[in-house]
Amino acid sequence: MQADQTLDCMGLYCPMPIVKTADKIKSLKTGEVLEVVADDPGIRQDMPAWSKATGHEFLGIEEAGKEIKVYVKKTHD
Amino acid sequence: MADSVSEEKEKLTIVVFSGDLDRALAAFMLATTGASMGMDVTMFFTFWGLNILKKNEGGIKSQGLMRRMLNFVNRGGTKRLKMSKFNMFGLGTWMMKRLMKEINMPSIDEFISMAQQMGVKMVPCSTSCGMMGLPEDAFREEALSLTGAAFFLGEARESKVTLFI
């Protein structure tokens, strides 16, 4: 999946990937896609939950070995 | 067409009654996660929870023999927090801190700093302070001014989620 920016959270456990996502999303323009790369399996559920709570669009997950890549589209400021 | 997402944030209130390191970490993990999800978070520190917000350095000036004794055996401050189980005279707590570092988990000080930056309100309970003889200046800079139970309940009654740790 294509992304406009990437956030590397490899080696970080919940809540850090989400805390960093909340911060990083501020630097995206509405409509842009953020790719978050993590190895904490919690991210698979955390990102959809975060997206639902904040109103941003959860686009999906891609896995490549140890890397779990989740994609979120910024829908508002 | 703009969707009708309300501008009002959902509230999360957390009472932190415990002064244990592991419970403090749990409280901050939930508080920071709530904040990152756009919630308006207030943490109300009471009784042993006050130990989490006390300054690490300096003495605590209090009046009366019993209060002075209490503040001597219960000095508090993040560097003196212990695990609720398996403290094993400090060995267990030391090992837990090592494990935390290994998985890049923020320390309790880092969590407090992060929480403040994310707008989490950290409030000491005025009554506990009165009872234990703790002045406002016993607390670190991230702590807001002393407040009472009515303020806490004012927040809690409007909260989507209220937790007691």
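The rules behind each value
Residues numbered from 1 in each chain as written. Chains lettered and ligands numbered in written order. Predicted model: local features only at pLDDT ≥ 70, side-chain atom pairs only at ≥ 80, totals over all residues. Helix = DSSP H or I, 4+ residues; strand = E, 2+ residues; numbered from the N terminus. Rg over C-alpha atoms; globule rule 2.2 N^0.38 Å. Buried ≥ 20, exposed ≤ 12 C-beta atoms within 10 Å, placed from the backbone. pLDDT = per-residue confidence, 0-100. Contact = placed C-beta atoms within 7 Å. Axes fitted to C-alpha atoms, helices over the stretch in contact; angles between N-to-C directions. Parallel < 35°, antiparallel > 145°, perpendicular 65-115°, else oblique. Left-handed = near helix turned anticlockwise from the far one by under 90°. Core = buried A, V, L, I, M, F, W, Y, C linked by C-beta atoms within 7 Å. Pairing = 2+ DSSP bridges. Nonpolar A, V, L, I, M, F, W, Y, C, P; charged D, E, K, R; others polar. Arc of directions from axis to C-beta.

Asks: I'm lost on the overall build of chain B in this one. Help?
Replies: Looking only at helices and strands, one finds 7 helices and 4 strands in chain B. For chain B, the N- to C-terminal ordering of α and β elements is β-α-β-α-α-α-α-β-α-α-β. Against the globule reference of 15 Å for 165 residues, chain B gives a C-alpha radius of gyration of 17 Å, in line with a compact fold. Its C-alpha atoms give chain B principal-axis dimensions of about 65 × 40 × 25 Å.

Asks: Would you take a moment to explain the environment of Gly77(B) for this structure?
Replies: All names here are of chain B. The residue glycine 77 is located in the loop between α3 (65-73) and α4 (91-102) in this model. Assessed through the 17 C-beta atoms surrounding it within 10 Å, glycine 77 is described here as partly exposed. With 17 residues separating them along the chain, glycine 77 and tryptophan 94 place their C-alpha atoms 16 Å apart.

Asks: Would you mind going over the confidence of the model for chain B with me for this structure?
Replies: In low-pLDDT regions, the fine details of the predicted coordinates are not to be read closely. All names here are of chain B. The pLDDT averaged across chain B works out to 93; a share of 96% of its residues lies at or above 70. Low pLDDT (under 50) marks residues 1-6, which in the prediction has 1 contact with non-local residues, meaning those over four places away or in another chain. The ipTM assigned to the predicted complex is 0.83, against a pTM of 0.89.

Asks: Looking at this structure, I do not really get the packing of helix α1 (residues 21-36) of chain B against helix α5 (residues 108-117) of chain B. What am I missing?
Replies: The packing of two helices is summarised by the inter-axis angle and the distance between the axes. Residues and elements named next belong to chain B. Viewed as axis vectors pointing N to C, α1 and α5 meet at an angle of 30°, and their least axial separation amounts to 10 Å. Judged by the angle between their axes, α1 and α5 are roughly parallel. Crossing handedness for the pair α1 and α5: left-handed. Residues Leu21, Ala24, Leu25, Phe28, Ala31, Thr32 and Ala35 of α1 form the contact with α5, whose own contacting residues are Ile108, Phe111, Met114 and Ala115.

Asks: How do you make sense of the nonpolar core when you look at a structure like this?
Replies: All names here are of chain B. Counting 51 residues, the largest nonpolar core has Val16, Ala24, Ala31, Met43, Phe45, Ala115 and Met122 as its most contacted members. Tallying contributions element by element places α1 first for this core, with 7 residues. Excluding residues that lie within four positions of it along the chain, valine 16 makes contacts with Ala24, Ala27, Met43, Phe44, Phe45, Gly49, Ile52 and Ile165.

Asks: Before we go on, may I ask you to explain the sheet that holds strand β2 (residues 40-45) of chain B in this structure?
Replies: Where strands meet in a sheet, backbone hydrogen bonds hold them as pairs that are either parallel or antiparallel. Residues and elements named next belong to chain B. Taken together, 4 strands build an open sheet; the order of strands is β3-β2-β1-β4 and the sheet is parallel. Each having just a single partner strand, β3 (121-124) and β4 (161-164) make up the two edges of the open sheet. Here the strands of the sheet are splayed against their neighbours by 15° on average, with no regard to which way each runs. As paired elements, strand β1 (residues 11-16) and β4 share 4 bridges and run parallel to each other. Residue pairing across strands places threonine 13 opposite threonine 162, the latter belonging to β4. On top of the sheet, helix α7 (residues 149-156) reaches β1, β2 and β4; it is set at about 140° to β1, its chief contact.

Asks: Is there a simple way to explain the interface of chain B and chain A in this structure?
Replies: Each partner contributes to the interface: chain B provides 11 residues, whereas chain A provides 11 residues. Among the elements that line the side of chain B that touches chain A, the one with the most residues is α1(B), at 4 residues. Of the residues assigned to the side of chain B that touches chain A, the class counts are 6 nonpolar, 5 polar and no charged.

Asks: What is the right way to read α5(B) from this model?
Replies: Note that an α-helix has 3.6 residues per turn; residues three or four places apart therefore point the same way. All names here are of chain B. Along α5, the residues classified as buried are Phe111, Ile112, Met114 and Ala115. Each buried residue of α5 sits inside an arc of 165° when the element is viewed along its axis, so together they form one side. After α5 finishes, the residue glycine 119 shows a positive phi value of roughly 85°.

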